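Here's the letter readout for the chains.
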Amino acid sequence: MTTDGRRARGDATRRTAARHAAKIATTHGLDSITVGSLAAATGLSKSGILTVFGSREAIQVAAVAEARRIYRETVIAPVWDREPGVPRLSALLDAWVAYLRAGVFPGGCFIASTAVEFGHRDGPVADAVRRLKREWLDLLEAELATAGATDPAGDAFRIDAYLNAANGRRELFGDDAALDRALAMARDVVTAASGVHP
């Protein structure tokens, strides 16, 4: 029972620290995360955080994993029951905009924030960031291919570019209209790729 209790406390510490680290990453970057700042933000002890993670790099990797879990839970899972192709793509775009509007992360889209920060780096954190971005692009490409797109990679590139631009404008200028503009433009890509209105 003592061992189980210790494990449960460790799991709770891991979840809390990873969630806060992911949030910090969208406003200050993954590189800004330190054991001290995370302890101050969460109320957890430095020793407790280090016991669970072992290193700052492990915290950063856990932050990416937590962001992936949140992204899948808020953007992907709610629409996964839609028919593949145009219906699912349309729902994914709506869910992505809703995820931004809901302020799930205080600094906007986690993927957009960290992709720039780790674009020219190597190592476990950069690899985790790269995998997360690749998963999103692969999902768009797969759904576009199912929708009948002749250039799924190119169409996914355009959709991703519109969404990233909207995220940047919203964060810099507080421009919520950018989300509506990006959504309309991304839907146009889907329509042109499939010949079917979403």
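Just so it is clear, the structure is predicted and the values come from calculations on it, not from any experiment.

1. Some words on the confidence of the model for the protein chain
Here comes step 1: Mean pLDDT over the protein chain: 93, with 96% of residues reaching 70 or higher.
Here comes step 2: When pLDDT is averaged over each element of the protein chain, helix 7 (residues 124-147) comes out on top at 97 and helix 1 (residues 2-28) at the bottom at 85.

2. Focus: helix 9 (residues 177-194)
Here comes step 1: In this model, helix 9 (18 residues) spans 26 Å end to end at C-alpha, consistent with the 26 Å of a helix rising 1.5 Å per residue.
Here comes step 2: By the burial criterion, the buried members of helix 9 are Ala178, Leu179, Ala182, Leu183, Ala186, Val189, Val190, Thr191, Ala193 and Ser194.
Here comes step 3: Of the residues one or two after helix 9, Gly195 is the one with positive phi, at around 75°.

3. Observations concerning the environment of Glu57
Here comes step 1: Looking at the secondary structure, you find Glu57 in helix 4 (residues 56-76).
Here comes step 2: Discounting residues that sit within four places of it in the chain, Glu57 has contacts with Pro124 and Val125.

4. Side note on the side chain of Thr13
Here comes step 1: Take Thr13: it is sitting in helix 1.
Here comes step 2: For Thr13, a relative accessible area of 15% puts it in the buried group.
Here comes step 3: Among residues more than four places away in sequence, those in contact with Thr13 are Leu44, Gly48, Ile49 and Val52.

5. With respect to the nonpolar core
Here comes step 1: If you look at the biggest cluster of nonpolar residues, it comprises 62 residues, and the most contacted ones within it are Trp96 and Trp136.
Here comes step 2: Setting aside anything within four residues of it in sequence, one finds Trp96 in contact with Tyr71, Val75, Cys109, Trp136, Leu163, Asn167 and Leu179.

6. Focus: the packing of helix 7 against helix 8 (residues 152-173)
Here comes step 1: Put simply, helix 7 and helix 8 touch, their axes get as near as 8 Å, and they point 125° apart. Between helix 7 and helix 8, the angle is such that the two are oblique. Every pair of crossing elements has a handedness; the one defined by helix 7 and helix 8 is right-handed. Contacts from Lys133, Trp136, Leu137, Leu140, Glu141, Leu144 and Ala145 in helix 7 reach Pro152, Ala153, Asp155, Ala156, Ile159, Asp160, Leu163 and Asn164 in helix 8.

Reading the values: rules and limits
Residues numbered from 1 in each chain as written. Predicted model: local features only at pLDDT ≥ 70, side-chain atom pairs only at ≥ 80, totals over all residues. Heavy atoms only, no water. pLDDT = per-residue confidence, 0-100. Helix = DSSP H or I, 4+ residues; strand = E, 2+ residues; numbered from the N terminus. Expected span 1.5 Å × (residues − 1). Buried < 20%, exposed > 50% of the residue type's maximum accessible area, 1.4 Å probe, protein only. Contact = heavy atoms within 4.5 Å. Core = buried A, V, L, I, M, F, W, Y, C linked by side-chain atoms within 4.5 Å. Axes fitted to C-alpha atoms, helices over the stretch in contact; angles between N-to-C directions. Parallel < 35°, antiparallel > 145°, perpendicular 65-115°, else oblique. Left-handed = near helix turned anticlockwise from the far one by under 90°.

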